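Analysis of the macromolecular model
Each chain is listed here by its residues.
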Amino acid sequence: MAFIDEMMAKAKQDKKTIVLPESMDERTFAAAEKILKQGIANLIIIGKPEDVEKNGKNYDISGATIVDPFNDPNKQKYIDKFVELRAKKGMTPEAAKEQMEKDYMYYACLMCKCGDADGVVSGACHSTGNTIRPALQLLKTKPGIHSVSGFFVVEVPNCEYGEQGRFVFADCAVNTDFDSPKLAEIAELSADSFRQFIGAEPKVAMLSYSTMGSAKHDDVTKVAEAVKLVKEQRPDIKVDGEMQVDAALDSTVAKLKAPGSPVAGQANTLVFPSLEAGNIGYKLVQRLAKANAYGPVLQGLSMPVNDLSRGCYADDIVGVVAMTAVQAQEANK
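To start, this report covers the structure provided alongside it. (Residues numbered from 1 in each chain as written. Predicted model: local features only at pLDDT ≥ 70, side-chain atom pairs only at ≥ 80, totals over all residues. Heavy atoms only, no water.)

We now examine the pattern of salt bridges. Under the defined criterion, the tally for this structure stands at 16 salt bridges. Its salt-bridge partner being Asp-315, residue Lys-34 comes within 2.5 Å of it at the nearest N-O pair. Of the two residues, Lys-34 is situated in helix α2 (residues 26-38) and Asp-315 in helix α13 (residues 314-331); the sequence distance between them amounts to 281 residues. With a relative accessible area of 49%, Asp-315 lands in the partly exposed category. Salt bridges linked by common partners bring Asp-192, Arg-195, Arg-234 and Asp-236 together as one network. (Salt bridge = Lys/Arg side-chain N within 4 Å of Asp/Glu carboxyl O. Helix = DSSP H or I, 4+ residues; strand = E, 2+ residues; numbered from the N terminus. Buried < 20%, exposed > 50% of the residue type's maximum accessible area, 1.4 Å probe, protein only.)

In C-alpha cells, the structure reads:
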C-alpha cells in the first residue's frame, strides 16, 4: 500500500475535524468532495456564501460545515479569544474582528484554539509565511519547542535504502538560519515524526559535506555539535554525524567512512544542514528518482497546521488533510 493510502486509512479510524480556509480557490472544493466521499475527515470550510457558491458549485460538499466569517454565531467567542491571546500586543476587539475577516487563517486557528476543530490546511493560494504566522501567534509551539520546522515524507519507488524506500527529509521548507541547537531540535522532532508517520524506528543522519571530521569548517562543527546535543537530550534516538549522504545511505560506503556507526548505511531520517540543501535535496530525489514527496508537513506546533504548495492539485490537498488528521490523532492522545 502506498504511503498516502496508509495515511488515509489511518485518518478514517478516528475522524478529526480539519479547517480549510481557502474558499476563494476551486481546488479546495474539489479536494473537499473527495475527502468527504472517502470519509477521511470532517471538514469546516470558511467562506462568504458567494465564494462558496462560485467555487464550489460543481462539487458535492453537502457533508461539510460552511462557516461565513461575517455572520458566524460563534464569532464573538473567537474575537474574545483573539484579544485574550494577543492582549499584550495591543489587540482590541475591533482589530481582532478586522483581522479575522481579512485573513481566514486567523479564523481557522481560533477555531482550533477554542476546541471547535483539530487542525488546519492552507497554502494553495497563500505563502508559507501567511500560513505559519497566525499559527505561531495563536496556537504557538509545543512546550519546550523553540521553533517550527518543515519536513517531507519522501517515498522512492524500487529503493533499497531507508525504510523500504521511505524517508523523512528536514528542514526543507521553513527555517533559513540553522545553529546547532536548532538543528538538534529539528532532528528530534523529525525522529518523532518518522515514528508517527512511518511506524518504524528512526535512524537520523545529520548531513554535511564532511563525514566524522573528514573536513574542518565552522559549518561542519555546527552539525557535529548538533549531534552531541541530540545524544544528550534524547538518548532514545539513534542519531549520528556529521556525515555525507552516501555514507548515510550506502552500507558499503558507511563501512569505509563511518565504521561502527549505528546510523551510517541505514539512515531513514535525513536532517540537512541548511534550507538550501534540504530544498534542493528533496526536489532532486522527487524529479530524478520519480519519488513522491508529501509535505511540507509542519512540526513543533501545539496543534497541527499544514502548508500547501501554491502549485498543488486537489489530490495534494486530500493527502495533506489526511496527514494533518493523523497528526491530530497523536496530539489528542
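With that settled, consider empty space enclosed by the protein. Rolled over the atoms, a probe sized like a water molecule indicates the empty space that remains. Counted by the stated rule, this structure contains one cavity of 30 Å³ or more. What lines the largest cavity is simply Leu-20, Pro-21, Glu-22, Thr-28, Val-121, Ser-122, Leu-308 and Ile-317. Of the residues in the lining of the largest cavity, the class split is five nonpolar, two polar and one charged. (1 Å grid on protein atoms, 1.4 Å probe; cavity = no way out; pocket = protein on both sides within 12 Å on 5 of 7 lines; lining within 4 Å. Points joined across faces, edges and corners; volume = space filled by probe spheres on them. Nonpolar A, V, L, I, M, F, W, Y, C, P; charged D, E, K, R; others polar.)

Ordered by their spatial adjacency, six strands build an open sheet running β8-β7-β9-β6-β5-β10, and the pairing between neighbours is mixed. Every other strand in the sheet has two partners, leaving β8 (238-243) and β10 (292-299) as the edge strands with one partner each. Taken over all neighbouring pairs, the strand axes of this sheet differ in orientation by 20° on average, direction set aside. Two elements, strand β5 (residues 149-155) and β10, share six bridges in a ladder whose sense is antiparallel. Its bridge partner lying in β10, Ser-149 is registered against Gln-299. The strands touched by helix α9 (residues 218-233) are β7 (203-207) and β8; relative to β8, the strand with the most contacts, the crossing angle is about 170°. (Pairing = 2+ DSSP bridges. Axes fitted to C-alpha atoms, helices over the stretch in contact; angles between N-to-C directions. Contact = heavy atoms within 4.5 Å.)

Turning to the nonpolar core, a few remarks are in order. Core analysis: the biggest nonpolar cluster contains 57 residues, and Phe-3, Met-206, Val-321 and Met-323 have the highest contact counts within it. When near neighbours in sequence (up to four residues on either side) are disregarded, Phe-3 contacts Val-153, Glu-155, Arg-166, Phe-197, Ile-198, Tyr-294 and Met-323. One finds Tyr-78, Tyr-106, Leu-301 and Val-305 within the second-largest nonpolar core, a separate group that totals 31 residues. (Core = buried A, V, L, I, M, F, W, Y, C linked by side-chain atoms within 4.5 Å.)

In this structure, the largest pocket spans a volume of roughly 780 Å³. When residues of the lining of the largest pocket are assigned to their parent elements, the largest contribution, six residues, is made by α13. Class assignment for the residues of the lining of the largest pocket results in 16 nonpolar, eleven polar and six charged.

The buried fraction of strand β2 (residues 42-46) amounts to four of the five residues, a majority that puts the element mostly inside the structure. Here strand β1 (residues 17-20) pairs with β2 via four bridges, running parallel. Considered in β2, the bridge of Val-19 is made with Ile-44. Traced from β1 through α2 to β2, the parallel crossover comes out right-handed. Alignment of β2 against strand β3 (residues 65-67), held across three bridges, turns out to be parallel. (Right-handed = clockwise from strand over helix to strand, strands pointing away.)

For any two helices packed against each other, one specifies the inter-axial angle together with the distance between the axes. At a minimum axis separation of 8 Å, helix α8 (residues 180-198) and α9 run at an interaxial angle of 55°. It follows from the interaxial angle that α8 and α9 lie oblique. In this structure, α8 crosses over α9, and the sense of that crossing is right-handed. Where α8 approaches α9, its residues Ser-180, Pro-181, Leu-183, Ala-184, Ala-187 and Glu-188 are matched on the opposing element by Lys-222, Val-223, Glu-225, Ala-226, Leu-229, Val-230 and Gln-233. Classifying every residue of the contact of α8 with α9 by side-chain character gives eight nonpolar, two polar and three charged. (Parallel < 35°, antiparallel > 145°, perpendicular 65-115°, else oblique. Left-handed = near helix turned anticlockwise from the far one by under 90°.)

This part takes up helix α1 (residues 3-13). Of the residues making up α1, those classed as buried are Phe-3, Ile-4, Met-7, Met-8 and Ala-11. Projection of α1 onto a plane perpendicular to its axis shows the buried side chains occupying an angular sector of 140°, all on one side. Where α1 is buried, its residues contact α2, β5, β6 (166-170), α8, β10 and α13. (Arc of directions from axis to C-beta.)

Purely geometric numbers; function is a separate question.
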